[in-house]
Amino acid sequence: MLKKKKLKKKKKKKINLLNFNLIKMKDFVLKLGEKKFRAVQIMEWIYKKHCINFNKMSNLSNNLKKKLENTSIVKLPKYIKKKKSSDGTIKWNFLFKTEFIETVYIPEKKRATLCISSQAGCILKCGFCATGQLGYTRNLLVSEIISQIWFVINKLNQYKLKKLILPSVTNIVMMGMGEPLLNLKNIIIAIDIILGNYGFNFSKNKVTLSTSGIVPAINKIAGKIDISLAISLHAPNDHIRNMIMPINKIYNINLLLSSVKNYLSKSTANRGIVTIEYVMLLKINDSLHHAKELMHLLKDIPCKINLIPWNPIKNSHYQCSTHKRIINFSNYLKNKNLIVTIRKNRGSDINAACGQLISKKHVY
Ligand code: SAH
Ligand code: SF4
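Residues numbered from 1 in each chain as written. Chains lettered and ligands numbered in written order. Predicted model: local features only at pLDDT ≥ 70, side-chain atom pairs only at ≥ 80, totals over all residues. Heavy atoms only, no water.

Undergrad: What is the right way to look at the site of ligand 2 in this model?
TA: The local shell around ligand 2 consists of Cys122, Leu124, Lys125, Cys126, Cys129, Gly132, Gly178 and Ser212. Grouping the constituent residues of the shell around ligand 2 by class yields 4 nonpolar, 3 polar and 1 charged. (Near = heavy atom within 4 Å. Nonpolar A, V, L, I, M, F, W, Y, C, P; charged D, E, K, R; others polar.)

Laid out in structure tokens, this is it:
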């Protein structure tokens, strides 16, 4: 009796189609006894027409619609709360199973960047990062990564119908909660859906993966994935990096930069340039001596340096560098012909800025 009940329960569990890239969707429709081309049709409904109601997918046969109804679902995240910053940045707080995850929409005049999360928490415990303080809970599923994008694009379409026009999502950055390269299997499939012309169809130049430097994973994706790469370097030498980023004790700067060179040698995204992220921490890594060290370190890496004023987090002894120190650091590097930008601080009034994502119910 119990067995029968269990079997019944198992039968009912539907597959979330947002977990599938084209290859997986093809396998799935073949298993349903359908032709492969149906996979493209289904994905186009989901990603191009934003239709998740199988009955409305008008070019599918009634038989296939019924099969999909019985076996599948397009499950979107449960959204708990939306917060809007005075600068227009919007942070969505989602509930995936029992985990709270944050996604941040950052509009400019004509474009907008969506910052997505790849893990619930992070195991790497960088001292300056709120997500690191949270600890690690689990990897997000492909569907949980993808549904953050689907949800926001769909919301913007709905706003448009209400005559509230916000810039479309033009750029995706994997700079939310978690270390994307520690969720490699799912991130690879998610990237395929983000870039695929049957999927979200973003250009590889408009999709950026930020990593703290998981060297074997960078080497693994080199030549297999081609999107813009951002490296959280944050220090000009191993001594400082060991102090602020424990991962450096496993993969030091030398190993990290070698893997970056390897990646770049096989990539054409972002004109073959890596973004070096460098968080500005007062009197830790922000002197002109550090700038000089950084310049030497990066002498044969085609890169642009993105200086990130540190965003304050709770229970941290760090302070953000003064404006003057950031400008001096930047000017030093610019005078040495390096490309340097200073990241704008967006959404800090709603804790949506870099490193401030600690989604928990009590945040609200
Ligand atoms: N785990 C990945 C991606 C998420 S963090 C990584 O570390 O690259 C995205 C960026 O925000 C990283 O460059 C990270 O170092 C930076 N960051 C983390 N905490 C920050 C803070 N409090 N202020 C400013 N930047 C921060
Ligand atoms: Fe993890 Fe990135 Fe935060 Fe470090 S900076 S703790 S790698 S999310």
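That shown, we press on.
Undergrad: Please explain the packing of aromatic side chains as it appears in this structure.
TA: Where two aromatic rings form a pair, the distance of their centres and the angle of their planes describe that pair. The full count for this structure, using the stated rule, is 8 aromatic pairs. Measuring from ring centre to ring centre gives 4.9 Å for Phe94 and Phe151, while their planes differ by 80 degrees; the resulting arrangement is edge-to-face. Of this pair, Phe94 sits in strand β4 (residues 90–96) while Phe151 sits in helix α6 (residues 142–161), and the two are 57 residues apart along the sequence. The exposure class assigned to Phe151 is buried, which follows from its relative accessible area of 10%. Members of the aromatic cluster, each reached through a chain of ring pairs, are Trp92, Phe94, Phe96 and Phe151. One residue, Lys49, lies across the ring of Trp45, its end atom 3.9 Å from the ring centre. (Phe/Tyr/Trp six-rings, centres within 6.5 Å; stacked < 30°, edge-to-face > 60°. Helix = DSSP H or I, 4+ residues; strand = E, 2+ residues; numbered from the N terminus. Buried < 20%, exposed > 50% of the residue type's maximum accessible area, 1.4 Å probe, protein only. Lys NZ or Arg CZ within 6 Å of the ring centre and 35° of its normal.)

Undergrad: Sorry if this is basic, but what is going on with the side chain of Asn16 here?
TA: For Asn16, the location among the structural elements is in strand β1 (residues 15–16). Taking the relative accessible area as the measure of exposure, Asn16 reaches 13% and is therefore buried. In this structure the side chain of Asn16 is engaged in a polar contact, spanning 3.0 Å, whose partner is the backbone nitrogen of Lys75. Apart from residues no more than four positions distant in its own chain, Asn16 is found in contact with Ile73, Val74, Lys75 and Ser143. (Polar contact = N/O pair within 3.5 Å; in protein donor to acceptor, adjacent residues only side chain to side chain. Contact = heavy atoms within 4.5 Å.)

Undergrad: Honestly, the UniProt feature "domain: Radical SAM core" (unreviewed entry) in the protein in this entry has me stumped. Any pointers?
TA: UniProt records the feature "domain: Radical SAM core" (unreviewed entry) for residues 108–349 in the present numbering. The annotated region residues 108–349 carries 36% helix and 19% strand content, and the separation between its end C-alpha atoms amounts to 17 Å. (UniProt positions renumbered as here; feature names shortened; annotations may be inferred.)

Undergrad: Can you walk me through the UniProt feature "binding site: [4Fe-4S] cluster" (unreviewed entry) in the protein in this structure?
TA: According to UniProt, the "binding site: [4Fe-4S] cluster" (unreviewed entry) feature falls on Cys122, Cys126 and Cys129. If we skip the residues at most four places from it in the chain, Cys122 touches Thr131, Gly132, Gly135, Tyr136, Gly178 and Glu179. Relative to the helices and strands, Cys126 is located in the loop between β7 (119–121) and α5 (130–134). Overall, the relative accessible area of 11% leaves Cys126 in the buried class. Those residues within four positions of Cys126 in sequence are excluded, and the remaining contacts are Ile244, Met245 and Pro246.

Undergrad: Even after reading the chapter, I still don't get the site of ligand 1, so can you show me in this structure?
TA: Residues in contact with ligand 1 amount to 21 residues; listed here are only the nearest, Phe128, Ser210, Ser232, His234 and Asn311. In this structure, Ser210 approaches ligand 1 through a side-chain N or O atom, which is 2.6 Å from an oxygen atom. For ligand 1, whose unbound accessible area comes to 530 Å², protein coverage reaches 96%. Residue classes in the shell around ligand 1 are distributed as 10 nonpolar, 9 polar and 2 charged. (Areas by Shrake-Rupley, 256 points an atom, 1.4 Å probe, with all protein chains shown as cover.)

Undergrad: Looking at this structure, I do not really get the sheet that holds strand β10 (residues 207–211). What am I missing?
TA: By definition, the strands of a sheet pair up through backbone hydrogen bonds, in either a parallel or an antiparallel sense. Taken in spatial order, the 10 strands line up as β3-β4-β5-β6-β9-β10-β11-β12-β13-β14 in an open sheet, and their pairing is mixed. Only two strands of the sheet have a single partner each, and these edge strands are β3 (78–84) and β14 (339–342). On average, each strand axis in the sheet is inclined to that of its neighbour by 25 degrees, with strand direction left out of account. Relative to strand β6 (residues 112–115), strand β5 (residues 99–107) runs antiparallel, the two being bridged by 4 bridges. When the sheet's bridge partners are listed, Pro107 is paired in β6 with Ala112. Its contacts with the sheet place helix α12 (residues 323–335) against β12 (274–280), β13 (303–309) and β14, and it is angled at close to 160 degrees to β14. (Pairing = 2+ DSSP bridges. Axes fitted to C-alpha atoms, helices over the stretch in contact; angles between N-to-C directions.)

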